[in-house]
Amino acid sequence: MAREPRPRGQSVRMIDVAKLAGVSQQTVSRVVNGHSNVGAEVRDRVERAIAQLRYNRNWAARALATNRSMNLGVVSHSLPVHGSALVLFGIAEEARRNGYTTSLVTIPRVDSAGIRTALDTLVADAVDGIIVLAPMTAAAPVLLGLDPEVAIVRFEQGSPASSTAVSMDDALGAQLATRHLLDLGHDTVWHVGGPPGWMASEARRAGWLSELARRHRTVNPEFRTEDWTADSGYRAGVAIAEDPTITAVLVANDAMALGVIKALTERGIDVPGDVSVVGFDDMSEARYFQPGLTTVRLDFNEVGRLAVERVLRLMGGEPAELIPVIQPDLVVRDSSAAPGQRRARSSS
């Protein structure tokens, strides 16, 4: 018969948590003190044991003992954008698991003055480390040119693996999506690009171009957009509807893909019977589009988790190894299919 755990509350000791979780006291100590060198499965077991026993982790005492504020700063641009919001959620959750609060400073524009002001604000608030969510081409040179007073980790998209930046392979995601459409039998794939200045826009464009070149397919001018919204997608969809040679489109995010599908449907063009549409990001609503959206899934929550893990490592003086680039997955639903009758109509 299993031993009954000790009464919950202040009487619970670290050894009780260790026994319930099936780990050593040293492992519990690592979890309690925010060390990152604990596996996710083991950390979850310890966290569940702590919750079950209501073990009292005295974060205030820990802050005094470590001379830390137990607060992480976050600088963010364009919170309404789907990916940025999910990354922020991932940061907040992982910070909480490690006993940290978060302080958010938003910047309306990504420029040297805005970034420096935001960082100065957070440093003045005595944060222990900072995560910058501004995946814009203009941000990289500013951040690399700084001599920060605290550890800083960046979120970048489409960039090579780094020890101080979390990246996603957006280019590979665009290659997978383009390859999927070509494999279905489409002659080529058109692209509704993301707005200028975003790393994601550039990486997804590069992946699209790379796959078309690899397959020796025609490259047509992309449809340009001003932002990531469904409105921008709708305007691109109106233009797509006017060209009867277009049978397959890769759209740089799901919100714009929704606008594209709306514009095509209103003009009597069937998706995917006449035009196949593939999005990017796999937002939670994508499966409920009409039709369900084929899209590229990116794990934005993992970005937040890795960013917190790395900033804690840097704060602790641990070796700065390369952070693995987060890989995409293609999720095939109902908005993509073999070419239908649209080309036949255009030649009649």
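These numbers come from a predicted model, not from an experiment.

Calculation criteria
Residues numbered from 1 in each chain as written. Predicted model: local features only at pLDDT ≥ 70, side-chain atom pairs only at ≥ 80, totals over all residues. Heavy atoms only, no water. Buried < 20%, exposed > 50% of the residue type's maximum accessible area, 1.4 Å probe, protein only. Helix = DSSP H or I, 4+ residues; strand = E, 2+ residues; numbered from the N terminus. Contact = heavy atoms within 4.5 Å. 1 Å grid on protein atoms, 1.4 Å probe; cavity = no way out; pocket = protein on both sides within 12 Å on 5 of 7 lines; lining within 4 Å. Points joined across faces, edges and corners; volume = space filled by probe spheres on them. Core = buried A, V, L, I, M, F, W, Y, C linked by side-chain atoms within 4.5 Å. Pairing = 2+ DSSP bridges. Axes fitted to C-alpha atoms, helices over the stretch in contact; angles between N-to-C directions. Parallel < 35°, antiparallel > 145°, perpendicular 65-115°, else oblique. Left-handed = near helix turned anticlockwise from the far one by under 90°. Nonpolar A, V, L, I, M, F, W, Y, C, P; charged D, E, K, R; others polar. Expected span 1.5 Å × (residues − 1). Polar contact = N/O pair within 3.5 Å; in protein donor to acceptor, adjacent residues only side chain to side chain. Phe/Tyr/Trp six-rings, centres within 6.5 Å; stacked < 30°, edge-to-face > 60°.

(A) Geometry of helix α1 (residues 14-21). Within the span of α1, buried status applies to D16, V17, A18 and A21. Lining the buried residues of α1 we find α2 (25-32) and α3 (40-53). In the segment just after α1, G22 is the residue with positive phi, at about 75°.

(B) Seen up close, empty space enclosed by the protein. A full pass over the atoms with the stated rule returns two cavities of 30 Å³ or more. Taken together, 13 residues form the lining of the largest cavity, with V81, G83, Q157, R204 and D281 sitting closest to its centre. Put simply, the parts of the chain that give the lining of the largest cavity at least two residues each are α5 (82-97) and α9 (199-214). In this structure, the second largest cavity occupies an estimated 30 Å³ of space. Together, A134, P135, M136, A139, A140, L143, R154, F155, E156 and M199 line the second largest cavity. Only α7 (139-144) and β4 (151-155) provide two or more residues apiece to the lining of the second largest cavity. Ranked by the residues each element gives to the lining of the second largest cavity, the list is headed by α7, at three residues.

(C) Representation of the nonpolar core. Ranked by size, the top nonpolar core spans 45 residues in total, and within it L119, I130, V192, L264 and V277 carry the most contacts. Contributing elements (two or more residues each) for this core: α6 (112-124), β3 (129-133), α7, β6 (190-192), α10 (230-241), β7 (248-251) and α11 (254-266). The element contributing the most residues to this core is α11, with five residues. The residues touching I130, leaving out its near neighbours within four places in the chain, are G73, V75, L119, L122, V123, V150, A151, I152, V153 and V311. Counting residues in hydrophobic clusters, the runner-up holds 37 residues, among them L72, V189, F300 and L312.

(D) Broad picture of the sheet that holds β3. In spatial order, the strands read β2-β1-β3-β4-β5; together these five strands make up an open sheet with parallel pairing. Where the open sheet ends on each side, the last strands, each with one partner, are β2 (101-106) and β5 (165-166). By the bridge criterion, six bridges tie strand β1 (residues 71-76) to β2 in an arrangement that is parallel. When the sheet's bridge partners are listed, V75 is paired in β2 with V105. Packed on one face of the sheet, α5 meets β1, β2, β3 and β4 and runs near 160° to β3. Set on the sheet, α6 makes contact with β1, β2, β3 and β4; between it and β1 the angle comes to about 165°.

(E) Looking closely at the packing of α1 against α3. Across the interface, α1 lies against α3 with an axial gap of 9 Å and an inter-helix angle of 125°. Comparing the axis directions of α1 and α3 gives the class oblique. Handedness of the α1/α3 crossing: right-handed. When α1 is examined against α3, the residues D16, V17, L20 and A21 are found in contact with a partner set consisting of R45, V46, A49, I50, Q52 and L53. Looking at the contact of α1 with α3 residue by residue, the classes come out as seven nonpolar, one polar and two charged.

(F) Structural context of helix α12 (residues 300-315). Helix length check: α12 (16 residues) gives 23 Å between terminal C-alpha atoms against 22 Å at 1.5 Å per residue, within 8%. The elements touched by buried residues of α12 are β1, α5, β3, β4 and β5. The N-capping residue of α12, defined by a side-chain oxygen 3.4 Å from the backbone nitrogen of N301, is D299. Once α12 finishes, G317 follows within two positions and takes phi at roughly 75°, a positive value.

(G) Broad picture of the packing of aromatic side chains. Evaluated as defined, the whole model comprises two aromatic pairs. Aromatic side chains W190 and F223 sit 5.8 Å apart centroid to centroid with 35° between the ring planes, which places their arrangement in the tilted category. With W190 in strand β6 and F223 in the loop between α9 and α10, this residue pair connects regions lying 33 residues apart in the sequence. F223 sits in the buried class, given a relative accessible area of 15%. The interplanar angle of 85° and the centroid separation of 5.8 Å between the aromatic rings of W198 and W228 together place this pair among those described as edge-to-face. Of this pair, W198 sits in the loop between β6 and α9 while W228 sits in the loop between α9 and α10, placing them 30 residues apart in sequence. For the pair shown, W198 and W228 are each scored as buried.

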